[in-house]
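Close look at the chain arrangement
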Amino acid sequence: MTVLVAYASAHGSTRTVAERVAARLGRHGLDVELAALDALPDVGPYRAVVLGSAVHNGAWLPEAVDCVRRQRAALFARPVWMFSVGMAAALPRPLRRLAARSEPPRIARAVEAIEPRGYRRFSGVVRSEHLDRKGRVLFRLLGCRYGDFRDWDAVDVWADGIAKTLAE
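In what follows, the accompanying structure is described. (Residues numbered from 1 in each chain as written. Predicted model: local features only at pLDDT ≥ 70, side-chain atom pairs only at ≥ 80, totals over all residues. Heavy atoms only, no water.)

Within the secondary structure layout, S84 lies in strand β5 (residues 80-86). You can call S84 buried: its relative accessible area is 2%. The contacts of S84, once residues within four sequence positions are left out, are S53, V55, W60, I107, Y119, R120, R121 and F122. (Helix = DSSP H or I, 4+ residues; strand = E, 2+ residues; numbered from the N terminus. Buried < 20%, exposed > 50% of the residue type's maximum accessible area, 1.4 Å probe, protein only. Contact = heavy atoms within 4.5 Å.)

Following this line, the structure appears as structure tokens:
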């Protein structure tokens, strides 16, 4: 059976993380299908699911929340891993530590609804054009920095762990 890697991405960063996870699982000999959540069919035919979303305003994107809500029973019945892609690494050090201590409540509820085998937060890409004017002002006032904060080694290690679990 096939492993589904499904994602919701606003600016492409989460898509590239999902692509990397899918490629890594494929390197372990797994049959993998990659799909955007806005076009996701029923998850029923898949052996396992890796589900990820970008984080905006402390929440997953609507299509990811909708997927969890609509397909909760099917997701709950199979091995699932979940990931979020946000901007924690763009924050100044004290705020980064604070962000690492807890999950935003709306994301925590989505994760708790599925009880995945694993959940991981990754940082993505933050560019000024990703934020509205108010967001850019706040970003600067907080001392945040723009850039590509994806940690490909961390993504690979996480995907390798999923592949190992599925091989057992």
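To continue, consider helix α2 (residues 62-70). When α2 is considered as a whole, its buried residues turn out to be A64, C67 and V68. Projected onto a plane normal to the axis of α2, the buried residues spread over an arc of 95 degrees and lie on a single side. Opposite the buried face of α2, at more than 90 degrees from it, the exposed residues are P62 and R69. Looking at the buried residues of α2, the elements they touch are β1 (3-8), β3 (48-56), β4 (59-60), α3 (72-76), β5 and α5 (105-114). (Arc of directions from axis to C-beta.)

Attention now moves to the packing of aromatic side chains. Scanning the entire structure with this criterion turns up 4 aromatic pairs. Where F83 meets F122, the ring centres are 6.2 Å apart and the plane angle is 65 degrees; that geometry is what we call edge-to-face. One end of the pair, F83, is in strand β5; the other, F122, is in strand β6 (residues 118-123), and 39 residues separate them in sequence. Here F83 matches F122 in class, with each residue buried. (Phe/Tyr/Trp six-rings, centres within 6.5 Å; stacked < 30°, edge-to-face > 60°.)

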